[in-house]
Structure formats: structure tokens, C-alpha cells
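# Summary of the model geometry
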2 protein chains.
Amino acid sequence: MDEVFKALADGSRRSLLDRLHARNGQTLGELCDGLAMTRQAVTKHLAILEAANLVATIKHGREKLHYLNPVPIHQIGERWIKKFEHDKLKALSELKRRLESRDA
Amino acid sequence: MDEVFKALADGSRRSLLDRLHARNGQTLGELCDGLAMTRQAVTKHLAILEAANLVATIKHGREKLHYLNPVPIHQIGERWIKKFEHDKLKALSELKRRLESRDA
DNA sequence: TTGACATGCAACCATTTGGTTGCGTATTGT
DNA sequence: ACAATACGCAACCAAATGGTTGCATGTCAA
């Protein structure tokens, strides 16, 4: 879980996931297009995403195809974010009350 | 948004949020209890969470009270995670198909 | 009033991170 | 056959990160 959070922490990596979401199965070269970064840097980012199980790859000849795996993202939503949604209003009103009364 | 992702990337910070979720409005000293870390380190983590708008603080005498703000967490769920949930099955089956057939 | 308590602030440190350059290797199209 | 293509690997680098120690400051209680 920590690996997934760390992988998602970087904007370049999130945009790589976005691009795979837009078109799945892209090669390394395709994923490099338009990026202000060397191919080797992109490789490192993809390796981190792969280690976090967010992308899966298969070699096809001399090309490497990258596939998005949205399951860990979904898990973060279910196992982590969900528990904070419950008390959204509760927490807000509690803070407001505290802010308004100095005599707590 | 990037600030929130970065803030959530650290396990210590996530556990601070968990502790505030369990009991809101804790002081710095209370949040330090049981942590294998100096008070100053905890202060830095809380500052990062505050900069990401994940906690709000109010000074009360010589103590500083910390309140959880779950809104940015909720926003990540809505604006980022949600769009990846849609094609969960689609992506999986697509990958499976690729893995099974070498002749793509 | 004064000592203990809760916190703030700054300098410093090691490690991690995100990126580079350079070179090697396998595959492919002509 | 061979040059171009697509990628892998390793060394290196600057900056960010996560932590520390030391000291200063404001507040409360006896």
C-alpha cells in the first residue's frame, strides 16, 4: 500500500497512468513522446509503477508494451479514502465550533 | 492536488491523519506520544499536512490543537481515483488477452 | 514569581529521489 | 548483411526529504 502511495506521489508518474488510461498498451517510445525527460528517466518511473503493481508489461519483439492495472488505485479508494468520507461534515462542524468559541 | 498526493505519500503522515480521525483536536504533544520520532519531526509532518490543507490548527493557550480536514482526501477520490474505476475489468481482460496470445 | 511545560525556529546531516550521460544489446526493415 | 530502431544497464549528480540536536519563547501552575 505504501508503495502505491509513493508511486502516485509524483506528477510525472500520475500523468503516465493518465496516458495509459487514455490508450492502453503503449510502448516505451510512445510514452516518452512529448515528455521533457529522457527515455531512461521514463523507464525509471515506469519501473516504480510496475513495482507498485500499477502497470504490467509484456515484451513484444524489441518493443515493450505497458498496460494499466487500476486495481491498486481502486484499493486505495476502498481501504483508505472511504473511511475519511464518512465524517466529512462532522469534522468540519467540529472545527468551526472550535474556531468560533475561544472558551473551549 | 499534487501537494495532497505528496503529503499522503509518507506513512508517518498517513498515520497522523488516522490518529486525528480516531480522535480529533489533539495537541502536538498528544500526537507525539508513542511515535519513534522527535517532537520537531512531528511538527514538520504536521506542517506539510497543514500546507496541503489536510489539517487545520488553532492555538489554545500554550497548546496547539489539530483538526482533520478530510475534504482534500475526498477530492482525490472524486477527481482522480474515480476515473480509473470505470475500466477496471476492461483493462484486466485486455491485458489477459495480450498475455495469452503471442501473435498480437 | 519562578520553574516546569508546550511549542517554535534554525542549523545540520544522511539518504532518497529524479534526473542525466554514456554505452551495450537485441530486433527489425531494407 | 547491416544500419537503424527500441530498449537495458550503470555511474554519476543536484536537490529534496526525513530526521536530528540545540536553543529560544510564551504560558501555566504552585
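One can find the structure itself at the top, above this paragraph.
What counts as what
- Residues numbered from 1 in each chain as written.
- Chains lettered and ligands numbered in written order.
- Predicted model: local features only at pLDDT ≥ 70, side-chain atom pairs only at ≥ 80, totals over all residues.
- Heavy atoms only, no water.
- Near = heavy atom within 4 Å.
- Polar contact = N/O pair within 3.5 Å; in protein donor to acceptor, adjacent residues only side chain to side chain.
- Helix = DSSP H or I, 4+ residues; strand = E, 2+ residues; numbered from the N terminus.
- Nonpolar A, V, L, I, M, F, W, Y, C, P; charged D, E, K, R; others polar.
- Core = buried A, V, L, I, M, F, W, Y, C linked by side-chain atoms within 4.5 Å.
- Buried < 20%, exposed > 50% of the residue type's maximum accessible area, 1.4 Å probe, protein only.
- Contact = heavy atoms within 4.5 Å.
- Phe/Tyr/Trp six-rings, centres within 6.5 Å; stacked < 30°, edge-to-face > 60°.
- Axes fitted to C-alpha atoms, helices over the stretch in contact; angles between N-to-C directions.
- Parallel < 35°, antiparallel > 145°, perpendicular 65-115°, else oblique.

### Here we look at the protein's contact with DNA strand D
In the vicinity of DNA strand D, 20 residues are found, and the nearest of them are A:Gly29, B:Thr38, B:Gln40, B:Lys44 and B:His45. When atoms of DNA strand D within 4 Å of the protein are split into backbone and base, the sugar-phosphate part holds 54%. Contacts to DNA strand D include A:Leu28, whose backbone N or O atom sits 3.4 Å from a phosphate oxygen. At 2.9 Å, a side-chain N or O of A:Arg39 approaches a base oxygen of DNA strand D. Secondary-structure elements contributing two or more residues to the surface near DNA strand D are helix 3 (28–32), helix 4 (39–51) and strand 3 (63–68) of chain A together with helix 4 (39–51) of chain B. Of the residues assigned to the surface near DNA strand D, the class counts are 3 nonpolar, 8 polar and 9 charged.

### Focus on the nonpolar core
In terms of nonpolar packing, the biggest core is built from 44 residues, with A:Leu17, A:Leu54, B:Leu17 and B:Leu54 touching the most fellow members. In contact with B:Leu17, other than residues within four places in its own chain, are A:Trp80, A:Phe84, B:Leu8, B:Leu49, B:Leu54, B:Val55, B:Leu68 and B:Ile73.

### A word on the packing of aromatic side chains
Residue and element names in this part refer to chain B. Going through the model one piece at a time under the given rule, you end up with 4 aromatic pairs over all chains. Ring centres of Phe5 and Trp80 lie 5.4 Å apart, and the angle between their planes is 75°; this geometry places the pair in the edge-to-face category. Within this pair, whereas Phe5 is found in helix 1 (residues 2–8), its partner Trp80 is found in helix 5 (residues 71–85), the two being separated by 75 residues in sequence. Each member of the pair, Phe5 as well as Trp80, carries the same accessibility label: buried.

### Some details on the environment of A:Arg13
All names here are of chain A. By secondary structure assignment, the location of Arg13 is in helix 2 (residues 11–22). What makes Arg13 buried here is its relative accessible area of 10%. In this structure the C-alpha to C-alpha distance between Arg13 and Leu49, which are 36 residues apart in sequence, comes to 7.4 Å. Ignoring anything within four residues of it in the chain, the contact list for Arg13 reads Lys6, Ala7, His45, Ile48 and Leu49.

### Some words on unusual backbone geometry
Here A:Asn53, not a glycine, exhibits a phi torsion of approximately 65°, which is positive. Structurally, the position occupied by A:Asn53 is in the loop between helix 4 and strand 2 (55–60).

### Comments concerning the packing of helix 2 of chain A against helix 4 of chain A
Residues and elements named next belong to chain A. Viewed as axis vectors pointing N to C, helix 2 and helix 4 meet at an angle of 75°, and their least axial separation amounts to 10 Å. With respect to helix 4, the element helix 2 is oriented roughly perpendicular. Where helix 2 abuts helix 4, its residues Ser12, Arg13, Leu16 and Leu17 lie against Val42, His45, Leu46, Ile48 and Leu49.

### Description of the protein's contact with DNA strand C
Within the structure, DNA strand C sits among 20 residues, and A:Thr38, A:Gln40, A:Lys44, A:His45 and B:Gly29 are positioned closest to it. Between DNA strand C and A:Gln40, the relevant distance is 2.7 Å, taken from a base oxygen to a side-chain nitrogen or oxygen of the residue. Within the contact set of DNA strand C, a phosphate oxygen lies 2.7 Å away from a backbone nitrogen or oxygen of B:Gly29. Its residues assigned to classes, the surface near DNA strand C shows 3 nonpolar, 8 polar and 9 charged.

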